[in-house]
Protein chains: 2
Amino acid sequence: MMISRILQKNSINRLTINTINSIKQSSSSSYHTTSKDEVVSMSNIKRNDEFSTLTNQDIKHFKDILGGDDSSRMITDKDELEGFNQDWMKKYKGNSSLVLKPKTTDQVSKILSYCNQKKLAIVPQGGNTGLVGGSVPLFDEIILSLTNMNQIESFDDVTGVVTCQSGCVLETLESYLNAKGFTVPLDLGAKGSCHIGGNAATNAGGIRLLRYGSMHSNVLGIEAVLADGTIMDCNSTLRKDNTGYDLKHLFIGSEGTLGVITKISIITPPKPTSVNVALLACNDFNQIKQILIKAKKQLGDILSAFEFMDRPCIDYVLDHQSTAKEPFDKKSPFYVLIETSGFHEQHDAEKLNAFLENIMSEDLVLDGSLATDTKNISQFWKLRETITESLGKAGAVYKYDLSLPIDTFYSIVEVMREKLKDKAVVTGFGHVGDGNLHLNISTPKQKYSKEFLSNIEPFVYEYTSQQKGSISAEHGIGYMKTGQLHFSKSPASIQLMKLIKNSMDPNVL
Amino acid sequence: MMISRILQKNSINRLTINTINSIKQSSSSSYHTTSKDEVVSMSNIKRNDEFSTLTNQDIKHFKDILGGDDSSRMITDKDELEGFNQDWMKKYKGNSSLVLKPKTTDQVSKILSYCNQKKLAIVPQGGNTGLVGGSVPLFDEIILSLTNMNQIESFDDVTGVVTCQSGCVLETLESYLNAKGFTVPLDLGAKGSCHIGGNAATNAGGIRLLRYGSMHSNVLGIEAVLADGTIMDCNSTLRKDNTGYDLKHLFIGSEGTLGVITKISIITPPKPTSVNVALLACNDFNQIKQILIKAKKQLGDILSAFEFMDRPCIDYVLDHQSTAKEPFDKKSPFYVLIETSGFHEQHDAEKLNAFLENIMSEDLVLDGSLATDTKNISQFWKLRETITESLGKAGAVYKYDLSLPIDTFYSIVEVMREKLKDKAVVTGFGHVGDGNLHLNISTPKQKYSKEFLSNIEPFVYEYTSQQKGSISAEHGIGYMKTGQLHFSKSPASIQLMKLIKNSMDPNVL
């Protein structure tokens, strides 16, 4: 059994190939597409025939484990399978004939134990909202959906620790906590669908990371089921526990390849009661750096987002969003969105105003505007949040999710502009407070082209690697970037990853 | 070669014994002692004879690696060895005849590679300030001191990321950062001696954890040398990097058993410019819980410490510290120390005052006092910080570092009082904001006694285990608690720890 299901050299989901003949690495396509005939071809990788093919007897066994075969427990209908076999971007598609939907950790354990014995490959699936093809089968792997494992088990209003099953939808958890005056220390566009277990498995980032840190900071405990069915109970609700290796961190960000996360405990902060947003216009990226330094010092702990976008982003939004308005009288090369969240309206406003006066007096901004009511706040955020959609409406977009050191953060945008000249519009935006750039290369009114892609890759990865950046800041590796891992990780690191995978899932051949 | 150096079943430092004859687990002594003849006996464990004994040829080889044999590079003088062979409490003592003091990662790599080939056992040592016997040899292991690896390599004032060698002393790093307006997100009593690498290796806690989180939250990158000499470069300075398993977390808290940390990158926050401390008197522990809930909500992100102590702690301090004064007119059963740290004096004071008025109006406190100037702040902290020393002056103290769920947090103190009656004074204090209780059982004017210890152990561990607590909140396992790991970790977890240790250090027999 392998929890992740396909074997490829130098891949994270598929760490363990040794003996399979000549499996070639597919060229990773990092463009976004919604057209079915542009689905990433998997024909150049080969199913490992050492894995078994599902039989009716297997299905009968799973029926026994799950206590029935109605569609709330397992899915075999071809039409119903469709949504599980394909990712939401319709970029990656597998051919599984079975979805299992356990309700308990014990059922997950029995399923994995059986699959391990029978050498049936499995892919765990949360909300299936990932961007890198990590949650869908590539061949006929059984899909283990955590959808039915959605119970919130406990909440402690002294410590703020919530414990729930891994299939709990992020937004559901957020609503539950909001009613108690707390908030999930994580916020994502996909919150209406994504699962908290998937968030942990992929170490999801999002806009609150600047304030609250990553899942490694906030997850206190994890229960996971290993490939052989062993239930690994690391589900502590304690803030401090230095007894042996902290195994939960192995599961955070390992994308389901070391075990299936079944339960999770998170420390949650009180929900801020006062929110302000400022939108600033700047002349160059160096000003943004200076503003970031000052924001961290002067806004201190109420700083909750520091996002930037360059001018082409705003142009795309204005072109494609009917309600969007030019934010200032004059156009500027750069824009910064700063959000504060706190617990004292007057104090927060005073701090933000003093900060804005300071950066204006030091000529770090060309213009600025402050929103304190919900409507204006949401309008400012809309400028930032509709960039992706607007770019998508304009034509083919080649998208990259990079971490880069602050000193060379924006240079990749300029380098790509120089390289591509009038062949494309190169834009940059993202979580500059966390060093995370979303680089977008837009070819208006054109279709995706592998030929054009060769202008970008592997150059963009090589460049990122030279800067000691990361080729995947928050999206993960999945299927998309298995061949690119070496751009961000050393051979010794990849070797150790393989060693860990092999040790924990030795049945993979 | 094994990086940690002794073999015992069910131990974290010594995960891998399979074949050695009948090594018995020594009974772990958790009392503090400064008397030499009370040093923990290691005579009931046996050196593994599969490991080699140091030869002159080995020493010559190390001399070549280090470029000389003066005492700044290696120590063989018996008197000089003393301080490295024994921990600072003089509780654990080994018998090494060689300390190596490399200056570079490359030298560490060559040393470990050689030891691995020659089956020479090694113990890495940082500031040697640990409380559980994890940093000294138990037999004749070579001591690998990181003292000479103390260079601060870089600091980025935009991101706050500092990179340094692992032997950098915490206080040195703090001074360096303070001068730039930043602070290490970690503060310990041992800061004048402890190394930042050792802090990471032991996942050190301390008083800032409530505010900034653990080392897992703040360490961005680690360079470590594995048992075979492989240099594992996970020394990223990026805030976000989702490319494969996040291997650095394996080294954080593994107490040097999986590799020697040689370099580290940490994200550091701006140093707060405004600090206030309030001391409160309470009638029962439930009031403390209610105050904690309110402090988190009303003080929000300026809350930087929430410590408690019960009355006996104050009595010990008053008895043994000549400058200490009764804090209020009347004695109370409980005291809480609340610290705020922020960037706006007036705002912080307003928040703290409003909070204090609120809890007083709700009758959650019997009395309270606020300190805003350095002198008074330090007097309040002194009450908390001199508890350990004062207890030590009174007689033998049996000390436990426990994490417990908030609902049963103080019950262990009451249970132990009931159990021991007039045989001892049972006190509790600690980081209640993090769920970390320091339970102290004091037997005034008496000596340590194994007979008396049997009144406490294993009961205190069993009780903690029943509450799903941790038998080591922040001190780690080391040598002291190797036999107690099972009280906080499941058999499956311990099995996985052993698997990881075996995979990464296979030469241990």
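Every value quoted in this text rests on a predicted model; they were computed, and no experiment measured them.

Q: Would you mind going over the sheet that holds strand β1 (residues 74–75) of chain A in detail, with residue names and values included?
A: Sheets are built from strands that pair by backbone hydrogen bonding, the pairs being arranged parallel or antiparallel. Residues and elements named next belong to chain A. Across the sheet, which stays open at both edges, the four strands sit in the order β1-β2-β4-β3 with mixed pairing between neighbours. The outermost strands of the open sheet, each flanked by one partner alone, are β1 and β3 (122–125). Relative to strand β4 (residues 142–145), helix α3 (residues 105–118) is tilted by about 165°, and along the sheet it contacts β2 (99–100), β3 and β4.

Q: Please give an account of the relation of the copies chain B and chain A that cites residues and values.
A: Two chain copies, one operation linking them: a rotation about an axis together with a shift along it. Rotating chain B by 180° about the axis while translating it 0.0 Å along that axis superimposes it on chain A, leaving an RMSD of 0.0 Å. The operation mapping one copy onto its partner corresponds to a two-fold rotation axis. When each C-alpha of chain B is compared by its distance to the rotation axis, serine 217 of chain B comes out closest, at 2.3 Å. When the interface residues of chain B are mapped onto chain A, 100% of them again lie at the interface, so the same face is used by both copies.

Q: So what's going on with the pairing of strand β5 (residues 152–156) of chain B? Which residues, and what values?
A: Residues and elements named next belong to chain B. As paired strands, β5 and strand β6 (residues 161–165) are joined by four bridges and run antiparallel to one another. Counterpart to phenylalanine 155 in the pairing with β6 is valine 162. As consecutive antiparallel partners, β5 and β6 are separated by four residues, and within that stretch glycine 160 has a phi angle of approximately 75°, a positive value.

Q: So what's going on with the side chain of lysine 351 of chain B? Which residues, and what values?
A: By the secondary structure assignment, lysine 351 of chain B is in helix α11 (residues 345–361). Not counting chain neighbours up to four residues away, the residues in contact with lysine 351 of chain B comprise His344, His347 and Lys351 of chain A together with Gln298, Leu299 and Ile302 of chain B.

Q: Requested: an account of the pattern of salt bridges, with residues and values cited.
A: All names here are of chain A. Enumeration over the complete set of coordinates arrives at 46 salt bridges over all chains. Lysine 263 is paired through a salt bridge with glutamate 153; the nearest N and O atoms lie 3.3 Å apart. Pair noted here: lysine 263 is in strand β9 (residues 260–267) and glutamate 153 is in strand β5 (residues 152–156), with a separation of 110 residues, a long-range link. Judged by relative accessible area, lysine 263 falls into the buried class, the value being 17%.

Q: Requested: an account of the sheet that holds strand β7 (residues 219–225) of chain A, with residues and values cited.
A: Residue and element names in this part refer to chain A. Spatial ordering of the open sheet is given by β5-β6-β9-β7-β8, a layout of five strands whose pairing is antiparallel. The sheet terminates laterally at β5 and β8 (231–234), the two strands that pair on one side only. Going across the sheet, the axis of each strand differs from the next one's by a mean of 10°, ignoring polarity. Relative to the sheet, helix α4 (residues 170–178) contacts β5 and β6 (161–165), its axis offset from that of β5 by approximately 35°.

Q: Can you break down the UniProt feature "domain: FAD-binding PCMH-type" (unreviewed entry) in chain A residue by residue, with the values?
A: Per the UniProt entry, the sites bearing "domain: FAD-binding PCMH-type" (unreviewed entry) are residues 92–271 of chain A in this numbering. Measuring from the first to the last C-alpha atom of residues 92–271 of chain A gives 37 Å, for a span that is 23% helix and 22% strand.

Criteria and cut-off values
Residues numbered from 1 in each chain as written. Chains lettered and ligands numbered in written order. Predicted model: local features only at pLDDT ≥ 70, side-chain atom pairs only at ≥ 80, totals over all residues. Heavy atoms only, no water. Pairing = 2+ DSSP bridges. Helix = DSSP H or I, 4+ residues; strand = E, 2+ residues; numbered from the N terminus. Contact = heavy atoms within 4.5 Å. Axes fitted to C-alpha atoms, helices over the stretch in contact; angles between N-to-C directions. Least-squares fit on C-alpha atoms with pLDDT ≥ 70 in both. Salt bridge = Lys/Arg side-chain N within 4 Å of Asp/Glu carboxyl O. Buried < 20%, exposed > 50% of the residue type's maximum accessible area, 1.4 Å probe, protein only. UniProt positions renumbered as here; feature names shortened; annotations may be inferred.

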